[in-house]
Structures are given as C-alpha cells and as structure tokens.
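Reading the structure
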Amino acid sequence: MSVQREFHTKWGMVIDLDKCTGCGACMVACQVENNIAPTPDASDMTRVLTWMLVYKLENKQKFPNYDVAYLPRPCMQCENPSCVPVCPVVATTKDEEGGIVSQIYPRCIGCRYCMAACPYHVRYFNWFDPQWPAGMEKTLTPFSSTRPRGVVEKCHFCHHRFMAAKEKARATGGEPMKLAEDAYIPACVEACPTGALIFGNLKDPTHQVAKLSHSKNAKRLLERLGGKPQVYYMSKRQWVLDMLDNDLGDGSHGGVTGGGNHG
Ligand code: SF4
Ligand code: SF4
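Just so it is clear, the model here is predicted, and its values are computed rather than measured. (Residues numbered from 1 in each chain as written. Chains lettered and ligands numbered in written order. Predicted model: local features only at pLDDT ≥ 70, side-chain atom pairs only at ≥ 80, totals over all residues. Heavy atoms only, no water.)

Here we come to the site of ligand 2. In the neighbourhood of ligand 2, 14 residues make up the surrounding shell, with Cys75, Cys78, Cys83, Cys118 and Arg123 lying closest. Split into classes, the residues belonging to the shell around ligand 2 amount to 10 nonpolar, 2 polar and 2 charged. (Near = heavy atom within 4 Å. Nonpolar A, V, L, I, M, F, W, Y, C, P; charged D, E, K, R; others polar.)

This part covers the site of ligand 1. Around ligand 1 lies a shell of 13 residues, among which Cys87, Cys108, Cys111, Arg112 and Cys114 are the nearest. Tallied by class, residues from the shell around ligand 1 come to 10 nonpolar, 2 polar and 1 charged.

What follows concerns the packing of aromatic side chains. The tally for this structure, following the rule as stated, stands at 7 aromatic pairs. Considering the side-chain rings of Phe157 and Phe199, the 5.0 Å spacing of their centres and the 90° angle between planes classify their relative orientation as edge-to-face. Of this pair, Phe157 sits in the loop between β5 (152-153) and α3 (159-171) while Phe199 sits in strand β6 (residues 197-201), and the two are 42 residues apart along the sequence. Take Phe157 and Phe199: they sit in the same class, and that class is buried. Centroid distance Tyr184 to Phe199: 4.9 Å. Interplanar angle 80°. Geometry classified as edge-to-face. With a gap of 15 residues between them, Tyr184 in the loop between α3 and α4 (187-191) and Phe199 in strand β6 connect regions that are remote in the sequence. Exposure remark for Tyr184: the relative accessible area of 1% places this residue in the buried category. Put simply, the rings of Trp11, Phe157, Phe162, Tyr184 and Phe199 pair up and form one aromatic cluster. (Phe/Tyr/Trp six-rings, centres within 6.5 Å; stacked < 30°, edge-to-face > 60°. Helix = DSSP H or I, 4+ residues; strand = E, 2+ residues; numbered from the N terminus. Buried < 20%, exposed > 50% of the residue type's maximum accessible area, 1.4 Å probe, protein only.)

By size, the foremost hydrophobic cluster in this structure holds 59 residues, and its most contacted members are Phe157, Tyr184 and Tyr233. For Tyr233, the contacting residues outside a window of four places in its chain are Ile15, Leu17, Leu71, Pro72, Arg73, Pro74, Met76, Asn217, Ala218, Lys219, Leu221 and Leu244. Val209, Ala218, Tyr232 and Met234 belong to the second largest nonpolar core, which has 8 residues in total. (Core = buried A, V, L, I, M, F, W, Y, C linked by side-chain atoms within 4.5 Å. Contact = heavy atoms within 4.5 Å.)

What follows covers the environment of Ser213. Relative to the assigned elements, Ser213 resides in the loop between α5 (208-212) and β7 (218-219). Considering only alpha carbons, one finds Ser213 and Gln238, 25 residues apart in sequence, at a separation of 17 Å. For Ser213, the contacting residues outside a window of four places in its chain are Val14, Leu202, Ala218 and Tyr232. Within the local environment of Ser213, its side chain forms a polar contact with the backbone oxygen of Ala210, the two atoms lying 3.1 Å apart. (Polar contact = N/O pair within 3.5 Å; in protein donor to acceptor, adjacent residues only side chain to side chain.)

Right, here's the structure in full:
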C-alpha cells in the first residue's frame with residue numbers, strides 16, 4: 001500500500017561520500033542532540049541505538065587499486081515509506097509540513113512491524129530503560145524526550161529544530177513554511193567537519209540540496225525498491241554509486257560493514 005503524498009515542503013539531505021572521512025562526528029552529535037541512551041553493552045549490535053550510523057564501503061580490490069568510502073545513514077524519510085502503512089496504531093506518520101516521517105512514542109506498542117518493513121534498517125527497538133552512567137547524564141538536553149523500553153525510535157531530521165525554526169520565523173515576522181536554508185539544520189549536518197552533509201528543502205530551488213539532488217553524481221540508496229528516499233548520496237566514483245544498489249555486478253552483495261538492532 002502506498003502512502004505517497006506531495007507536500008509543499010520536502011526536507012532532504014544530500015551526502016557527499018567523497019567528502020566523508022568516517023570520523024563519526026555526525027553519530028556523536030545525533031546521540032547527544034536526541035538524548036539517545038548508551039546501551040549496557042555497546043558491542044552488542046543487535047541492541048544499540050544508532051539513529052545515524054556510518055557504514056564502511058570497500059571496493060574489494062588489492063593495493064594499489066584498493067579504495068574505501070564511508071556512508072552516513074540517517075532515516076531516509078521516504079516519500080513513500082514502507083514503515084508507515086504497516087503500523088497498526090498510527091504511531092508513525094508522514095509530517096505534512098515538511099515530509100518528515102515522525103514517530104509518536106506514547107502510541108507505539110512495540111510490535112516492530114515497522115522495523116521489519118524498513119529496508120534501510122534505520123529503526124531501533126528500545127530493549128532497555130534509558131540510563132546514563134554517572135556523570136554522563138550531564139549530556140542530556142532539554143530539546144528531546146527520552147524514550148521508554150518497549151518502543152521503536154529513529155532519526156527524524158531533528159524535528160524539534162524544525163519546530164524551533166518555525167517558531168522563530170513566526171516571532172520575527174518571517175514565513176514559517178518558507179524557511180531560509182540556514183534556519184533549520186539537523187545536529188549531524190552542523191557537526192560534520194568536512195561539509196559532507198547538506199540539508200534543505202528539496203522543493204526550494206534556492207536551497208543547495210534542490211540543485212545537488214539533480215546532479216548526475218547523485219543517487220538514492222536502493223532506488224529500485226520505490227521508497228523514494230529524501231536522502232541522496234553523491235560520489236564521482238562509479239564503484240561507490242554502484243554500491244548504493246547493494247549490487248557488486250556479479251550477483252553478490254557485500255562490501256558493506258556496520259548495522260545492528262535487528263536480531
Ligand atoms: S513498533 Fe510501534 S511504530 Fe512500529 S509498527 Fe509497531 S506500534 Fe507502529
Ligand atoms: S528509511 Fe525506513 S523508517 Fe525511514 S521512512 Fe523509509 S521505510 Fe520508514
């Protein structure tokens with residue numbers, strides 16, 4: 001069942017894989033901004049919560065032809081999200097003001113249908129009550145709620161920053177539904193030291209993302225599935241673009257490391 005609808009504003013991201021160094025600053029910024037609790041065993045990839053996760057891609061060639069790329073992976077905020085129609089309690093919806101796929105924690109019953117439906121493995125189940133080791137609770141921010149055990153959570157493009165930007169526009173006589181490019185920026189984009197993450201309204205031709213998403217070097221992850229992600233990847237390296245289809249050309253799938261919370 002398709003839930004695809006057109007909205008006036010479509011927030012999206014373009015990620016330049018030739019600029020990403022795999023430093024992980026986006027992952028750390030996301031954890032702190034969204035009060036994502038550390039799990040008791042961070043090495044248990046079936047239990048960790050990583051709304052933003054940097055994957056390593058390799059071209060599988062030997063030196064001197066060996067090459068590597070790093071792929072930061074937030075929620076794709078699909079235009080046609082497979083996670084939304086499967087939810088039996090409407091705990092996840094497509095936001096009409098920005099095209100962001102929301103998660104309504106108090107409604108979620110933890111059935112995990114949405115996790116099974118998402119082809120990008122971006123949804124995470126809370127196996128534990130959120131707890132911060134002594135001293136680390138000082139990193140908690142007032143911008144985001146914490147989530148209880150038993151519900152699913154995921155990246156929402158720092159939706160609270162969108163709300164704050166709209167409020168600021170209203171208070172200063174601006175137009176909340178026509179925000180400037182720098183009025184709303186998610187934490188990961190702000191933290192990236194190389195400018196590999198670019199954010200904006202894909203429908204506003206004055207925003208960089210609108211232009212970059214149409215570049216010949218831009219492509220979406222697993223396009224053939226029809227989810228129409230609002231996240232685009234860019235690279236001048238053909239092997240990197242090929243890997244976005246998870247297809248190595250010989251019928252095999254691989255070269256990607258990372259992932260978790262789907263055990
Ligand atoms: S886990 Fe929560 S959000 Fe996901 S389908 Fe079930 S009730 Fe809906
Ligand atoms: S990436 Fe997954 S969770 Fe995010 S909107 Fe698409 S299907 Fe839903």
